[in-house]
Structure formats: C-alpha cells, structure tokens
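Commentary on secondary and tertiary structure
Single-letter residue listing:
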Amino acid sequence: MSYTIKQISIFAENKPGRLAAIADALEEERINIYAFSIAEASGFGIIRALVSDPDKAHRKLTELGYVVSFTDVIGVKMRDEPGGLRDIARIMGSADINIEYAYAYSAKTEAVLVVRVDQVDDAIKALQEHGGQLIKEKELA
Amino acid sequence: MTCWDPRTEDMSKAELQAIQYKHLKTLVYKLYSFSRFYHDRMKEANVHPDDIRSLEDIVKLPFMYKKDLRDNYPDKMFMGGQEELVRYHVSSGTTGKPTVVGYTQNDLNNWATSVARALTSIGLGRKDIIQISYGYGLFTGGLGLHYGAERIGATVVPASVGNTERQIELIQDLKVTAICCTPSYMLHLAETSERMGVDISRDTMLRTAVLGAEPWSEGMRERIQEFTGVNAYDIYGTSELSGPLFTECIEQNGIHIWGDMAYVEVLDPETGEQLGPGERGELVVTMLQKEALPMIRYRIGDLTSYDDSTCACGRSHTRISRITGRVDDMLIIRGINVFPSQVEHALLAVPELGEHFQIEVNRKGSLDTMLVRVEMNPTAFSDKIDDLMSLKRRVSRVLHSMLNISAEIELVGPGTLARSEGKAQRVIDRRSI
Ligand SMILES: [Zn+2]
C-alpha cells in the first residue's frame, strides 16, 4: 500500500564543495541519487535527495559527520504537458493540505513531482480520489 | 541547619563585620611592618595602617595580582622563616612561571576548618565515605579536600585522578557516598559507568558530588544531577587563597565565603570600583587570617557576583554566585561587556543546540558586529527551512535578552567547529586586523 517515500535530508552550511562531497560519498557506497534539490537560506542550506538505499546513505553520511534526517515524501506523476503541476496543487489545495515544499525530477518515462506535506496520509487519499498517480519507492529507478 | 562550627556559622552580619575589621586591622599593621613587598605597595599608594578605620576603608588598600606572585617567585612574598612553614603547594600556571604557596600549621588548620564547615553544610559527616578524585600532590585539590573530609570524621578514599573504571569499582565496593572531582570528570565517570552497565543511582550509594576547579554552568549541574541522581555542589578556591575552601550549602544557591576567614569584594574590572550585590564583576579576596602568604585585595580574575542577604540555610556569611568566566576573556562589543560564558549559558537553554560555539567579532565601519556560530544538536534537525530559521531567531532572542546585544546566528553541523583539546576556539576577534 505504502506510497510514502523515504527521503534523506542533509544539513549543509553554505560552503563550496559540500554537494560534491556528499555525492562522492554516496557514489563510493554505490548509492544512486535519483532526485535531489537544494534549499538555501541565509547561512545554511538543506539538501534533499531520493536515493537507492536511504538507510545506507543515512549511515554513511552520519559517519562522515553530517546532520541527516529521514522525511516521508510522496511522488506524483505529472502529465508531461502544461498544467500538470497546477492540477496537483489544486487537488492539495481543495483538500486543505499545505505543501511544505516540492521539487520535480524526470524519471524514466515521465516527470515526477516530489511533495512534502504534513499530513501524508490525507494527501495520498486526496490525490488518489482525484485521479492522481502516485509512485512507490521501488519505482523510483 | 547542621554546622561544623555553630558559634561562627550562626554569627550575625554585624558580629562578622566586627571580626573582619579586627582581623583586617591586624593584618594591615603586620604587613606594613613585616612585608617588604606590601610595605612598598602601601607607600606607593600613600596609605598608612592608621588610615584603616573601618571595614569600608579597605578600598584604600592597594591590590595584589597573580603577577606579583610570579615576580616574587618562589618565596619572596612569604612572611616569617622557613621554620614556620609546614608545606608548599605549587601551581603550574598556564602562562609562564609557576606560583608557590607556603603554609604554616595555622594556615593548614584554617584550610581544613573551612572545608570541614563546607562539607558539613551540604550534609556530609561521619557516616559518609568520601572519594577524593582530585589530583594529590603539588596541586591543592586532593590534599585540601582530604584534610577537610578527615576533619569531619568521614572515611576518605584518596583515589586521586585517573583509572576511571577502577574508581567506579571502588565507589561500588566501598559504598562511597560522596565524590569530590571536576565537573567534567564527573560527566566522564557517569558515561564510563553507563558503558560498564553500572547505574549510579541504582547500583551505588553515591548521592553527593562536590565539583569545582574548573568553570561549569547551571545547565551542566542539571545534566549531572539528572544523569546520575546525585546532588552536585559547587566548590571554590584557588591555590593563592590556600586551595579549595568554600562550597554552596544545601540550598545550592551561592557559595558561602566564611566571613571570619575571607572578605570579598566584587569590582568593575575596568574601573576597579566596587559593585553592589547581584552585579557581575571581578572577585577580589582578602584572606583575613593567612600567615605564610597573606593576600590582601587579591584580584583573582574570576567573574562572579555576591549576595550578602541571609541565606535560606540561616547563615549570614556572604555568598558568591558560581564563577562564570575570567576577566581576561571579556569582550567589549559596542561598549557592552560580553563574556563567552554568558553566551554558553544562554545557548545551553536551547535544547536544539550542541555545546560548542564560537563568537566572531568584526567591525563594519565603526560598528562592531557579533556573529555566534553554534553547532546544532543532530536530533533537532528539521528539513524545513522555516523550522531552522525560527530556531535561529529564537537563539538570537535568547542571546539578546541575556547580553543586551544583537548577534547574528549561524547554525553549523556538529563537529564543524575546530577543536583544540576537546574545546572549540570560542572567540575570534577580527577587529584588531
Ligand atoms: Zn546557605
């Protein structure tokens, strides 16, 4: 049933080379990065990523001294045409679900919007009721 | 209250002041007549023993500094001959020359009496088994507590420092009820016993810890008490004053300075003016009865405040608050005195933060800016920008309410700030460049 996807979030100071160092560390462990986004604020940033083995990634990065946490997100397939994103935002809006943040990436066949909401189960229900197509963790690759 | 020395400990403020004045007067005459060093100091300050006509006149007397002890190494400031001396202690001194302190038999007696009163005031006595985990030897910590603990008839375990696992075994096997050590050693002991599967509150009789010889905070006390179930008391003293001398009483609300032995002042470190009760400044101590190495208006350099109201325990001996830093550490930012220890104290109140931080002071145009970098507690990491921004704002507010100065906050990951000997470099002042 589970449509929740385990995302890893990494705290990063705004220092050059941070992202590269993280990517190298994951590569060393043969962990694939499917999607990522960087959110920046004054003085710090948060790197969010969907990876092939979140537990292993968490372990590795923690060992290296990074602050890492897991966050449940959902992935919604977007129609690859104008309005795809708007549809999803509308469904969430009418169900009173606040989107904390979202980022898109291109999976093999279609674009996927990764969404972080507070009420994950409600969001999944609302999307399903309105014809939204969710993807599962194992479909990320 | 239980007192070691009820007659003195029960004295009213007025009685104490009368005794203090009597001792001070004698001390000044004695030094003027017999101490080359202090005689010259008084001449320079143009003050004669006859000018001291009340306790308040103490402000007329010149200060003594740590530097004086170094300049007069090893024993040029001592009074009396070697025949009078029964012991030396030597402090290594973090900068340059060591300092040597000598003791007459009376000095040792008074030292032990002071510690005996202190230990009694936190409820220790003949039924207690006290492990002394301060270093024995040239350092005053071990022997100072040792003689005080023996004086009250407690059973002493002179464990000294090191071999923590053995120390924990001793605590269990000898049914130790109290320990004297540094606060950081206490934490180390707690962590080690946890690793050994020993629960201090369940598996030992340890209920009291007398902690000092390094600055610690109220937050650290809470952590130690919660972690180990012991009551932790602050102890104060430096080798120049004899060694560890004074502790908090059972109320844990300030360190009682025995008025018949010492007279304390708290001064503005900049101007040298006396501050009032509750105002934070530099501790200055006059030892009223010391013989071998008298100390008058000695500027120790520790920061504290005093409270001369009667304590809830009933004693009217003045209390000083826990030492919150050193005068040398003071930063002046936009005309406001800022002590790294205050910043530490403020940050400890925010659970999302770790214990390491760094203050960076810069100058933009004519304006000083203060940046506080602080390591986040990994468990507090939220992946929402808003949460972290509001954490920053909260830290900034806490600092502002404590320091009355606005600081920029930078959150960094744990272990990011460079450490030396386990501590992060706390202050970077870029203004001089
Ligand atoms: Zn008291």
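Each chain carries its own residue numbering, running from 1 in the written order of its sequence. To read the labels, note that chains go from A and ligands from 1, taken in the order they are written. At least 70 in pLDDT is required for a residue's local features to be given in this predicted model, at least 80 for side-chain atom pairs to be given and counted, and no such filter applies to totals for whole chains, interfaces and linings, which use all residues. Only hydrogens and water are removed before side-chain values are computed, so all heavy atoms of the structure are retained for them.

To continue, consider the overall build of chain A. Going along the chain from the N terminus, every DSSP run of H or I of four or more residues is numbered as a helix, and every run of E of two or more is numbered as a strand. Counting its secondary structure elements, chain A contains 4 helices and 7 strands. The helix and strand sequence of chain A, counted from the amino end, reads β-α-β-β-α-β-α-β-β-α-β. The C-alpha radius of gyration of chain A comes to 15 Å, within 12% of the 14 Å expected for a compact globule of 141 residues. Reported as C-alpha extents along the three principal axes, the dimensions of chain A are approximately 45 × 30 × 25 Å. Three exposure classes are used, based on accessible area relative to the maximum for each residue type with a 1.4 Å probe and protein chains only: buried under 20%, partly exposed in between, and exposed over 50%. Split into buried and exposed, the 141 residues of chain A put 46% on the buried side. What the globule rule says is 2.2 Å times the number of residues to the power 0.38, and the radius of gyration is computed from C-alpha atoms.

To summarise the sheet geometry, strands pair through backbone hydrogen bonds and adopt either a parallel or an antiparallel arrangement. All names here are of chain B. Here, strands pair whenever DSSP counts at least two bridges between them. Spatially, 4 strands are ordered 1-13-12-11 in an open sheet, and the strand pairing comes out mixed. Each of the sheet's edge strands pairs with one partner strand only, and the pair in question is strand 1 (64–65) and strand 11 (262–267). Pairing of strand 11 with strand 12 (residues 281–287), which is carried by 6 bridges, proceeds in the antiparallel orientation. Looking across to strand 12, one finds that V264 is bridged to V285.

What follows concerns the pattern of salt bridges. Residues and elements named next belong to chain B. When a carboxyl oxygen of Asp or Glu is within 4 Å of a side-chain nitrogen of Lys or Arg, the pair counts as a salt bridge. One pass over the full model with this rule turns up 37 salt bridges over all chains. Here R315 makes a salt bridge to E9, at a shortest N to O gap of 2.9 Å. With a gap of 306 residues between them, R315 in the loop between strand 14 (306–307) and strand 15 (319–320) and E9 in helix 1 (residues 6–9) connect regions that are remote in the sequence. Across the pair, exposure class does not vary: R315 and E9 are buried alike. Salt-bridge contacts for E360 lead to R430; the nearest nitrogen and oxygen are separated by 3.1 Å. Here R430 lies in the segment after strand 23 (427–429) and E360 lies in strand 18 (residues 353–364), a separation of 70 residues in the sequence.

Before going further, it helps to spend a moment on the interface of chain B and chain A. Contacts were defined at the residue level, with two residues in contact if any of their heavy atoms lie within 4.5 Å. Contacts between the two partners involve 16 residues from chain B and, on the opposite side, 23 residues from chain A. Buried surface at the junction of chain B and chain A, both sides included, amounts to about 1,400 Å², of which 64% is carbon and sulfur. Two parts placed together each lose some accessible area under a 1.4 Å probe, and the buried area is that loss summed for both. Contact with chain A buries surface across chain B, with B:F381, B:D383 and B:K384 losing the most and accounting together for 43% of the total. Our enumeration of links across chain B and chain A arrives at 4 salt bridges. Residue A:D118 pairs with B:K384 through a salt bridge whose shortest N-O separation is 3.2 Å. For this analysis, a polar contact is any N or O atom pair within 3.5 Å, provided that within protein one partner can donate a hydrogen and the other can accept it, and provided that sequence-adjacent residues contribute only side-chain to side-chain pairs. Where chain B meets chain A, there are 10 residue pairs in polar contact (both at pLDDT 80 or more). Here the side of chain B that touches chain A takes 4 residues from helix 12 (residues 385–403) of chain B, the largest share from any one element. Each residue is assigned to one class: nonpolar for Ala, Val, Leu, Ile, Met, Phe, Trp, Tyr, Cys and Pro, charged for Asp, Glu, Lys and Arg, and polar for all the others, Gly among them. For the side of chain B that touches chain A, the residue count by class is 9 nonpolar, 3 polar and 4 charged.

In this section: the pairing of strand 3 (residues 44–51) of chain A. All names here are of chain A. Of all the 8 residues making up strand 3, 8 are buried; the element is thus mostly covered by neighbouring parts of the structure. Residue alternation in strand 3 divides its side chains into two sets, F44, I46, R48 and L50 and G45, I47, A49 and V51, and both sets are buried. Pairing of strand 2 (residues 33–41) with strand 3, which is carried by 8 bridges, proceeds in the antiparallel orientation. Note on strand 3: the bridge partner recorded for I38 is I47. Counting the residues that bridge the hairpin from strand 2 to strand 3 gives 2 residues, and of these G43 lies at a positive phi of roughly 90 degrees.

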